[in-house]
Amino acid sequence: MSTDVTDINRLLVEQTADAVIFADREGLIRIWNAAAEALFGFPHMEAIGQSLDLIIPERLRAAHWEGFHRAVASGRTRLGGRAVITRSTTAAGATIYVEMSFALVSDVRGDVLGSVAVARDATQRREDERQLQQRIRALEAETAVRASGPK
């Protein structure tokens, strides 16, 4: 059994545990793997051809598109491949936190074809961090009260 590189590339993207989303230069979704379906709730056939607005909360869209168009024009992303936690929207209308890394995809001449994002759910981690910060603030407040009490 022989599998060519094109088939392997397709299988890698499709079977990767993290969501893989490729959008062309206009920001239209061209690749949407099974993990993206599971994370965002939009079936493959519903996502393909749609704008990335599909998963970007309305209040974040202007900043997203400014950064997207700047990256496509310059050939560089602001984060240089570093992952960031951001909000996203699901098919059910819920807001979730996702950890995403972005990269530009260029052809052999260096012309930007679009952008790829790799994402995973970070909602629970974000909630755990929020609760930890609340506990730290409460302990700091308690310590301050004790320190300022009668001696």
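Refer to the structure printed above.
Residues numbered from 1 in each chain as written. Predicted model: local features only at pLDDT ≥ 70, side-chain atom pairs only at ≥ 80, totals over all residues. Heavy atoms only, no water.

A.B. asks: Please explain the pairing of strand β2 (residues 29-32) as it appears in this structure.
C.D. replies: It is a general feature of regular strands that their side chains alternate between the two faces of the sheet. Where strand β1 (residues 19-24) and β2 come together, 3 bridges link them in antiparallel fashion. Bridging across to β2, Ala23 finds its partner in Ile29. (Pairing = 2+ DSSP bridges. Helix = DSSP H or I, 4+ residues; strand = E, 2+ residues; numbered from the N terminus.)

A.B. asks: Is there a simple way to explain helix α4 (residues 61-74) in this structure?
C.D. replies: Each α-helix winds once per 3.6 residues, and so residues spaced three or four apart point in a common direction. For α4, with 14 residues, the first-to-last C-alpha span of 20 Å sits near the 20 Å given by 1.5 Å per residue. Taken residue by residue, α4 has Trp65, Phe68, Ala71 and Val72 as its buried positions. Summarising the axial view, the buried residues of α4 lie within an arc of 130°, below the 170-degree limit, and thus occupy one face. Across from the buried face of α4, at angles greater than 90 degrees, the exposed residues are Ala62, Ala63, Glu66 and Ala73. (Expected span 1.5 Å × (residues − 1). Buried < 20%, exposed > 50% of the residue type's maximum accessible area, 1.4 Å probe, protein only. Arc of directions from axis to C-beta.)

A.B. asks: Would you mind going over the sheet that holds strand β5 (residues 112-121) with me for this structure?
C.D. replies: Two orientations exist for strands paired in a sheet by backbone hydrogen bonds: parallel and antiparallel. Spatially, 5 strands are ordered β2-β1-β5-β4-β3 in an open sheet, and the strand pairing comes out antiparallel. Here the strands that pair on one side only, and so sit at the sheet edges, are β2 and β3 (84-89). Pairwise comparison of adjacent strand axes, ignoring direction, gives a mean angle of 35° for this sheet. Along the sheet face, helix α5 (residues 123-148) touches β3, β4 (95-106) and β5 and points at about 125° away from the line of β4. (Axes fitted to C-alpha atoms, helices over the stretch in contact; angles between N-to-C directions. Contact = heavy atoms within 4.5 Å.)

A.B. asks: Please clarify how the pattern of salt bridges should be interpreted in this entry.
C.D. replies: One side chain can pair with another of opposite charge once the charged atoms of both are near each other. Here the structure, examined in full by the defined rule, presents 7 salt bridges. Residues Arg120 and Asp18 are paired through a salt bridge, measuring 2.7 Å at the closest nitrogen-oxygen approach. Taken as a pair, Arg120 in strand β5 and Asp18 in the loop between α1 (5-15) and β1 lie far apart in primary sequence, 102 residues in all. Classification of Arg120 by relative accessible area gives partly exposed; the value is 42%. Note that Arg109 and Asp107 form a salt bridge whose closest N and O atoms lie 3.2 Å from each other. (Salt bridge = Lys/Arg side-chain N within 4 Å of Asp/Glu carboxyl O.)

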